[in-house]
Amino acid sequence: QVQLVESGGGLVQHGGSLRLSCAASGSIFSINVMEWYRQAPGKQRESVATITDGGGTNYADSVKGRFTISRDNAKNTVYLQMNSLKPEDTAVYYCRAEVFPTARRISYQYWGQGTQVTVSS
């Protein structure tokens with residue numbers, strides 16, 4: 001019913017930039033919190049950045065000053081602008097959204113399939 005699709009990942013040299021997008025589609029009434037996670041090989045998935053429906057943001061200490069999360073509510077899309085990338089940022093990046101589906105009175109958590117970000121040393 002609801003799908004999240006990430007895009008924008010790829011291979012970039014250290015110090016470079018990438019812009020990730022996550023578009024939600026389906027029977028959506030509204031979207032509350034949207035969030036970016038990442039998971040590197042052999043490590044647990046960690047939260048990178050979050051944004052509320054009111055535009056409030058929160059970042060992991062490791063990405064503060066380098067990453068910027070934003071959203072376009074009209075397009076049901078969240079973005080992650082990643083600058084000054086480091087090899088430590090290499091991971092699969094996942095989008096998560098708390099969604100109120102149409103005709104349902106409670107929110108539900110949805111995850112995208114992930115997009116690979118690789119930063120060369």
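Notes on the structure follow. Because the structure is predicted, anything quoted here is derived from the model rather than measured. (Residues numbered from 1 in each chain as written. Predicted model: local features only at pLDDT ≥ 70, side-chain atom pairs only at ≥ 80, totals over all residues. Heavy atoms only, no water.)

Here we look at the pattern of salt bridges
Note on pairing: side chains with opposite charge can pair once their charged atoms come close.
In step 1: Taken as a whole and judged by the stated rule, the model has five salt bridges.
In step 2: Asp-61 is the salt-bridge partner of Lys-64, the closest N and O atoms lying 3.1 Å from each other.
In step 3: The class for Lys-64 is partly exposed, based on a relative accessible area of 48%.
In step 4: Overall, Asp-61 belongs to the exposed group, its relative accessible area being 65%.
In step 5: Note that Arg-66 and Asp-89 form a salt bridge whose closest N and O atoms lie 2.8 Å from each other. (Salt bridge = Lys/Arg side-chain N within 4 Å of Asp/Glu carboxyl O. Buried < 20%, exposed > 50% of the residue type's maximum accessible area, 1.4 Å probe, protein only.)

Notes on the nonpolar core
In step 1: Ranked by size, the top nonpolar core spans 32 residues in total, and within it Trp-36, Leu-80, Met-82 and Tyr-93 carry the most contacts.
In step 2: Broken down by element, the residue count for this core peaks at five residues, all from strand β9 (residues 91-101).
In step 3: Setting aside anything within four residues of it in sequence, one finds Met-82 in contact with Gly-16, Ser-17, Leu-18, Leu-20, Arg-66, Phe-67, Tyr-93 and Val-117. (Core = buried A, V, L, I, M, F, W, Y, C linked by side-chain atoms within 4.5 Å. Helix = DSSP H or I, 4+ residues; strand = E, 2+ residues; numbered from the N terminus. Contact = heavy atoms within 4.5 Å.)

Description of the sheet that holds strand β3 (residues 18-26)
In step 1: Overall, antiparallel pairing links the four strands, which are arranged β1-β3-β8-β7 in an open sheet. Only two strands of the sheet have a single neighbouring strand rather than two, namely β1 (2-7) and β7 (67-72). For this sheet, the mean angle separating the axes of adjacent strands, direction not counted, is 15°.
In step 2: Bridge count between β7 and strand β8 (residues 77-82): six bridges; the pairing is antiparallel. (Pairing = 2+ DSSP bridges. Axes fitted to C-alpha atoms, helices over the stretch in contact; angles between N-to-C directions.)

So, the pairing of β9
In step 1: Among the eleven residues that make up β9, eight are buried, leaving the element largely enclosed by the rest of the structure.
In step 2: Two elements, β9 and strand β11 (residues 115-120), share three bridges in a ladder whose sense is antiparallel. Counterpart to Val-92 in the pairing with β11 is Gln-116.
In step 3: Looking at chain direction, β9 and strand β10 (residues 108-111) are connected through four bridges and run antiparallel. Residue pairing across strands places Glu-98 opposite Gln-109, the latter belonging to β10.
In step 4: Connecting β9 to the next strand, β10, in antiparallel fashion are six residues, including Ala-103 with a positive phi near 75°.

Here we look at the packing of aromatic side chains
To describe a pair of aromatic rings, one takes the distance between the centres and the angle between the planes.
In step 1: Using the criterion set out here, one finds two aromatic pairs in the structure.
In step 2: Between Tyr-37 and Trp-111 the ring centres are 5.0 Å apart and the planes differ by 55°, which places this aromatic pair in the tilted class. Taken together, the residues span a long stretch of sequence, with Tyr-37 in strand β4 (residues 28-39) and Trp-111 in strand β10 at a distance of 74 residues.
In step 3: The exposure class of Tyr-37 is buried, given its relative accessible area of 19%. (Phe/Tyr/Trp six-rings, centres within 6.5 Å; stacked < 30°, edge-to-face > 60°.)

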